[in-house]
Amino acid sequence: MPGVIELEGLSVRFGKVEALRNLSGSFSGRAIGLLGPNGAGKTTLIHTLLGFHRPSAGSARVFGHDVRRNDKAARALIGYMPERDSFIAGMSAVRFVRMMGELSGLPPAQALERAHEALFYVGLGEARYRMLETYSLGMKQRAKLAQALVHGPKLLFLDEPTNGLDPPGRERMIKLIKNVRDAGDVHVILSSHLLRDVEECCEEVLILKDGKIARYCNLEEERRANRKFLELEIAGDVDAYVAAVRTLGCESARAGKRRIKMVLPPELRIRELYRLAAEQRAQIRHLDYKKDSLQDIFLKAMDLDPLGDADHGRLRA
Amino acid sequence: MAVYEHSYSRYPGPFTPAWSRFLVLPRFAFKDVFKSRLLVFFYALSVLVPVFYGLAIYALNNLEVLDSLGNAGDELGRMLKVDETFFSVFLLVQSGFAFWLTVFIGPGLISRDLANNGLPLYLSRPISRAEYVLGKLAVLLLLLSGITWVAGLLLFLLQSSMAGWEWLAANLHVAAAIVVTSTLWILVLSLLALALSAWLRWKVVAGLLFVMIFFVGDLFALLVNMLFRTEWGHVFNFDQLIQIVAASMLGIRPPDGPPVWGCVLALLLFLGFCLLLLHRKIRAYQVVS
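Every residue gets a number counted from 1 within its own chain, in the order that chain's sequence is written. Naming scheme: in the order in which they are written, chains are lettered from A and ligands are numbered from 1. Thresholds applied to this predicted model are a pLDDT of at least 70 for local features of residues and 80 or more for the giving and counting of side-chain atom pairs; totals over whole chains, interfaces and linings are not thresholded and use all residues. With hydrogens and water set aside, each side-chain value is computed from the structure's full complement of heavy atoms.

### Here we look at the overall build of chain B
The following threshold applies: Runs of E in the DSSP output that reach at least two residues are strands. Runs of H or I that reach at least four are helices, and both are numbered from the N terminus. Throughout, exposure labels follow a simple rule: accessible area from a 1.4 Å probe, protein chains only, divided by the maximum for the residue type, with under 20% read as buried, over 50% as exposed, and the rest as partly exposed. Areas reported here follow the Shrake-Rupley algorithm with a probe of radius 1.4 Å; residue values treat only the protein chains shown as occluding.
On a plain count of helices and strands, chain B comes out with 14 helices and zero strands. With respect to the three principal axes, the spread of C-alpha positions in chain B is 75 × 55 × 35 Å. A burial count over chain B gives 48% of its 289 residues as buried. Counting every atom, chain B has about 14,300 Å² of accessible surface; 71% of that belongs to carbon and sulfur.

Laid out in structure tokens, this is it:
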């Protein structure tokens, strides 16, 4: 059975810039978060899967349909909510969503019925006869979601769906996305620079960096695998302490000037850490068990020092 | 996905044939076009002219009607004759209506989508860029055809039915001229309007430039002809080119200008340029490399 999305050496080039570099993999998760800093290739990947950009090498398939040779068949199965403000002025929401449904192949009567349903579903039922240009940003975002859902796609691309939304608007959008995901009929690809959005909505994450796949993992499995994850705050010679704990078989990483994250071997007891601290004349000021957060997974994939890298600012947890 | 359930479900019903989906675009566009009373009035006016021509054909083929008009009828019968000139004047008048209809409708067809980033929404559907352009083109093609070659052919058939088969057989070239020149004119107007609409993204500016291209084109053609003592300057005067093609097909004296092959070549090159512009501009996202 083919994966939802299959990539084979996919590369996309714009002039001299290679936006996607040799991406390969099969992705079948129910809800996949697409993460990466600005310019990592998230939107380019979505656009390529929609057939907006032609691959310069390799291939991509959506539900087995090659996006270069059979792009219309692929698009018929996709719903797309673009990142930017996109609408058609001079149209009421219901007419807009109906037209989009008809363009996807719904007969006129069914398209009208589904347009009403989709707008009620996203919470725009009472405003469905208003012109789109009179909508607030949050309402426009929901109208974009409604047009992406109207034809009942098997795969939904959501490109920065919470962009510019206030906290209640964001909550509402996240709830809708979760609801769509849990309906079980549709796979969701959520591209976002907001880790929290991805963490709340997605089961898997695909992390892109410089046009390459930096990491693809299942969030829950990743968390389960990191039960012995500790975060320490050290006063004293941190470097010497880190070197000492490594001799005990601990994996460690600096998480700031005085912070260390470490994974302990199963047999190691916490008191050993205190003993080492005493030997190194360091003090453990803070010690806490933690699960590996998406931020940690992301930062590992980016090879970044969590507090020391300027790129960190581009992503918000 | 029932309204009362507030839950998502896939669409289980039948789908329309893939080839027919681009027709959704003109269907929705027509509703917008005919929302404007001014346009409805103008379109009705452009339909009234063929009706008037039809009445004239009826009168000229009906001696009783001419007799009932007395001396005026005799005068009318002597002055008016349903021949090539009659249809060339009809084409000229309807071309004018087609031009102004395009000025009102054409520039807003694509610019409205581009101005609000609507293209990704269209092109993420199972329609291609070519189908999108074809859908937008169909709006103008259908509206303008109704008042040009369709109306012209109806008049031709009316005259044929009244004058008999001999007239029809002797004037088939008139029918061909009506179809060919109207189609060329419609394509020039439609593709130029769409290209400007896609290029400028602002309906008003696109409309102004559209008008300017025709009026300034006339002046520019005259200037080139005067400076270089040639007739080839008329290649910048599209309505003149169409008139030359029409006159040659109808077998009447053509206006000054390049030979027919030169006119057709210039028009085809211009159509190709418009298509190229549309090809470059109609994209879900413009990539700056």
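### Quick look at the sheet that holds strand 12 (residues 251-254) of chain A
All names here are of chain A. We count it as follows: Whether two strands pair depends on DSSP finding at least two bridges between them. Lines are fitted to the C-alpha atoms to define the axes, a helix being fitted only along its stretch in contact, and any angle between axes, read from their N-to-C directions, falls within 0 to 180 degrees.
Spatial ordering of the open sheet is given by 12-13-11-14, a layout of four strands whose pairing is antiparallel. Only two strands of the sheet have a single partner each, and these edge strands are strand 12 and strand 14 (283-289). In this sheet, neighbouring strand axes are inclined to one another by 25° on average, regardless of whether the strands run parallel or antiparallel. Direction of pairing for strand 12 relative to strand 13 (residues 259-263): antiparallel, over a ladder of four bridges. Residue pairing across strands places E251 opposite V263, the latter belonging to strand 13.

### Quick notes on a nonpolar patch on the surface
Residues and elements named next belong to chain B. We count it as follows: Residues qualify for a patch when their relative accessible area is over 30% and they have no salt bridge, like charges being joined within 9 Å and the nonpolar side chains of Val, Leu, Ile, Met, Phe, Trp and Tyr within 5 Å. Salt bridge, as used here: a side-chain nitrogen of Lys or Arg that lies within 4 Å of a carboxyl oxygen of Asp or Glu.
A cluster of nonpolar side chains, contributed by M212, V216, F220, L223, L227, F228 and F236, occupies part of the molecular surface with about 730 Å² of accessible area. Relative to the elements of secondary structure, F220 occurs in helix 12 (residues 203-228). Residue class for F220 comes out partly exposed when judged on its relative accessible area of 39%.

### Details of the environment of R280(B)
By the element assignment, R280(B) lies in helix 14 (residues 260-281). For the pair R280(B) and L241(B), spaced 39 residues apart in sequence, the C-alpha separation works out to 27 Å.

### With respect to the interface of chain B and chain A
Threshold: It only takes one pair of heavy atoms within 4.5 Å for two residues to be counted as in contact. A 3.5 Å cut-off defines polar contacts: any pair of N or O atoms within that distance qualifies, except that in protein one atom must be a possible hydrogen donor and the other a possible acceptor, and neighbouring residues in sequence count only when both atoms are side-chain atoms.
Each side of the interface is counted separately: chain B has 39 residues, and chain A has 51 residues. Seen at the junction of chain B and chain A, the total is three salt bridges. Note that R27(B) and E102(A) form a salt bridge whose closest N and O atoms lie 2.1 Å from each other. Here chain B and chain A share 19 residue pairs in polar contact (both at pLDDT 80 or more) between them. Looking at the side of chain B that touches chain A, the elements that each hand over two or more residues are helix 1 (24-33), helix 6 (107-115) and helix 7 (119-123) of chain B. Among the elements that make up the side of chain B that touches chain A, the one with the highest residue count is helix 1 of chain B (six residues).

### What to know about the domain arrangement of chain A
All names here are of chain A. Selection criterion: Domains are outlined according to an automatic or database domain assignment. Put simply, Ala, Val, Leu, Ile, Met, Phe, Trp, Tyr, Cys and Pro go in the nonpolar bin, Asp, Glu, Lys and Arg in the charged bin, and everything else, Gly too, in the polar bin.
Segmenting chain A into domains produces domain 1 (5-218) and domain 2 (223-314). Centre-to-centre, using C-alpha coordinates, domain 1 lies 37 Å away from domain 2. The partner domain 2 presents ten residues to the 15 residues of domain 1 that form the contact. Our enumeration of links across domain 1 and domain 2 arrives at zero salt bridges. Taken together, the elements giving at least two residues each to the side of domain 1 that touches domain 2 come down to helix 7 (195-201), strand 9 (204-209) and strand 10 (212-218). When residues in the side of domain 1 that touches domain 2 are grouped by element, the largest group, four residues, is from strand 9. For the side of domain 1 that touches domain 2, the class distribution of residues is nine nonpolar, three polar and three charged.

### Describing the nonpolar core
The line we're drawing: Among the buried residues, those of types Ala, Val, Leu, Ile, Met, Phe, Trp, Tyr and Cys that are joined through side-chain atoms within 4.5 Å form a nonpolar core.
Among the nonpolar cores identified, the biggest contains 168 residues, and L45(A), F157(A) and Y132(B) are the most heavily contacted of them. A domain-level breakdown of this core finds at least three residues from each of domain 1 (5-218) and domain 2 (223-314) of chain A. Excluding its chain neighbours within four sequence positions, the residues that come into contact with Y132(B) are L25(B), L109(B), I110(B), D113(B), L119(B), Y122(B), L123(B), I127(B) and I282(B). In this structure, Y241(A), I260(A), M262(A) and L276(A) belong to the second largest nonpolar core, which totals 18 residues.

### Thoughts on the sheet that holds strand 10 of chain A
Residue and element names in this part refer to chain A. Spatial ordering of the open sheet is given by 6-7-8-3-9-10, a layout of six strands whose pairing is mixed. Unpaired on one side and paired on the other, strand 6 (78-81) and strand 10 mark the two borders of the sheet. When the angles between neighbouring strand axes are averaged without regard to direction, this sheet yields 15°. Summarising the sheet, strand 9 and strand 10 pair through six bridges and their orientation is antiparallel. Looking across to strand 10, one finds that E204 is bridged to N218. Packing of helix 5 (residues 137-149) onto the sheet brings it into contact with strand 6 and strand 7 (155-159), and relative to strand 6 it is tilted by some 170°.

### Topic: the confidence of the model for chain A
Convention followed: Within a predicted model, pLDDT stands for the predictor's per-residue confidence, ranging from 0 to 100.
Confidence in the prediction for chain A averages 87 pLDDT; 92% of positions are at 70 or higher. In this model, residues 305-317 of chain A is a region of pLDDT below 50 whose contacts with residues beyond four sequence positions or in other chains number 28 contacts.

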